[in-house]
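Topology and contacts: notes
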Amino acid sequence: MTDLVSLGETMALLTAPRVGRLRDMSFLELSIAGAESNVCIAVARLGRSAAWLGRLGADEFGELVLARLRAEKVDVDAATLDPVAPTGLMVKERRRANTAQVRYYRRGSAASQLLPEHIDLDRIGAARILHITGITPALGAGPHAAVDRAVEHARAAGVLVSFDLNYRRALWSREEAAAALAVLAAKADVVFAGEDELALLGAGDPIERGRQLVDNGARAVVVKRGAAGASSVTAAGVFDAPAVGVQALDPVGAGDAFVGGYLVACLEDAAEEERLALGCAVGAFAVSGVGDWEALPSRADLRLLGADGATER
């Protein structure tokens, strides 16, 4: 049994090596990026098993994604390759030291050609958690149908469904997103969202919106507040956790890091306060380094939080 299986798009990532305009760079650093695979890496680094499902181009970027995820001990055996469509591309520049600007080149990508028949349902049925985001259904009708199929199979198999709204305005309008994300949120056991994303599901206070989802069957609705920490709503009440104070260098991927930490604590049947605390700790570690996933911590790394200025010998 795999602890966590995720389904989504992972892209090749080109990053400017220093602050400044992209046009002024003499080279770009090559890596990978994807919300769902970021969560997989976070889970794997914390010592749990993770598998990534998705569709890549049969190209060098696709091979790069597979190689990097394998190196992070993420199972990619059920990923599929498209012989025609390319792997998507993400480009990141930093105009200020702690502010990233991201552009996507994913139209017509292999991930946008994902269909329900490309998914290994047996892999999902044997997992403890299926993690999805609102990004994949925004890529097109095929990916949307694939996510729906994965969620229905997970629910039938008794697999916990984790859903991060992850609204991307470049992919669809708020009206389109609101309708689709509300359906997925209603089927999820654990829902993650920023305060602004919860507004897509209806007007009102984020905590009240969380209570409504819990009343309708969700086990927990987790509100990611960035530097203000996080809150969760469960049948037992509302829980809050402060952010861990660090110097933020790169905010991209922080939400995925939080989700990975929270879900690992879920796998270990930790109390709700401990789930939030681990999520905040992993998120803090992620933003204190540069890269979407490179700074994600191991268990041993977590004890370094709060040790600013110390030298380990």
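Located above this text is the structure these notes cover.
Attention here is on the structure that accompanies the text. (Residues numbered from 1 in each chain as written. Predicted model: local features only at pLDDT ≥ 70, side-chain atom pairs only at ≥ 80, totals over all residues. Heavy atoms only, no water.)

Next up on the list: the overall build of the protein chain. A tally of regular secondary structure across the protein chain gives 10 helices and 15 strands. A compact globule built from 313 residues would reach a C-alpha radius of gyration of about 20 Å, and the protein chain, at 18 Å, matches this within 12%. For the protein chain, the C-alpha atoms occupy an extent of roughly 55 × 50 × 40 Å along the three principal directions. Taken over 313 residues, the protein chain has a buried fraction of 56%. Across the protein chain, every contact between residues at least 6 apart in sequence was considered, and the portion connecting residues at least 24 apart equals 70%. About 13,400 Å² of surface is accessible on the protein chain, with carbon and sulfur atoms providing 50% of the total. Of the side chains in the protein chain, 33 bear a positive and 41 a negative charge, and the two mean positions are spaced by 4 Å. (Helix = DSSP H or I, 4+ residues; strand = E, 2+ residues; numbered from the N terminus. Rg over C-alpha atoms; globule rule 2.2 N^0.38 Å. Buried < 20%, exposed > 50% of the residue type's maximum accessible area, 1.4 Å probe, protein only. Contact = heavy atoms within 4.5 Å. Areas by Shrake-Rupley, 256 points an atom, 1.4 Å probe, with all protein chains shown as cover. Lys, Arg positive; Asp, Glu negative; His and termini not counted. Charge placed at Lys NZ, Arg CZ, Asp CG, Glu CD.)

Turning next to the pairing of strand β4 (residues 50-53). Two faces make up the sheet, and in a regular strand the side chains alternate between them. Of the two faces of β4, the one holding Ala50 and Trp52 and the one holding Ala51 and Leu53 are both buried throughout. Bridging between strand β1 (residues 2-7) and β4 involves four bridges; their strand directions are parallel. Across the sheet, Leu4 pairs through a bridge with Ala50, a residue of β4. With two bridges connecting them, β4 and strand β6 (residues 74-75) associate as parallel partners. (Pairing = 2+ DSSP bridges.)

To continue, consider the pairing of strand β11 (residues 160-164). The buried fraction of β11 amounts to five of the five residues, a majority that puts the element mostly inside the structure. Bridge count for strand β10 (residues 127-133) against β11 is five bridges, and the pairing is parallel. Considered in β11, the bridge of Thr133 is made with Asp164. As a crossover connection, the stretch from β10 through helix α4 (residues 141-156) into β11 is right-handed. Here β11 runs beside strand β12 (residues 190-194); their pairing, made up of three bridges, is parallel. Among the inter-strand pairings, Ser162 is bridged to a residue of β12, identified as Val190. The parallel pair β11 and β12 is bridged by helix α5 (residues 174-187), and the resulting crossover is right-handed. (Right-handed = clockwise from strand over helix to strand, strands pointing away.)

Looking at the secondary structure, you find Asp120 in the loop between β9 (99-105) and α3 (121-125). Setting aside chain neighbours within four positions, we find Asp120 in contact with Leu53 and Ala78. A distance of 3.1 Å separates a polar side-chain atom of Asp120 from the backbone nitrogen of Arg123. (Polar contact = N/O pair within 3.5 Å; in protein donor to acceptor, adjacent residues only side chain to side chain.)

Let us now look at the nonpolar core. Within the largest apolar cluster, 48 residues are counted, with the highest numbers of intra-cluster contacts made by Phe258, Tyr262 and Leu263. Among the elements of the structure, α1 (35-45), β4, α2 (60-71), β12, β13 (220-224), β15 (237-241), α8 (254-267) and α9 (272-287) are those that each provide at least two residues to this core. The leading source of residues in this core is α8, at nine residues. Apart from the residues within four sequence positions on either side, Phe258 is in contact with Phe192, Val222, Lys224, Ala230, Leu276, Gly279, Cys280 and Gly283. Residues Ala51, Val159, Ala177 and Leu184 belong to the second largest nonpolar core, which totals 43 residues. (Core = buried A, V, L, I, M, F, W, Y, C linked by side-chain atoms within 4.5 Å.)

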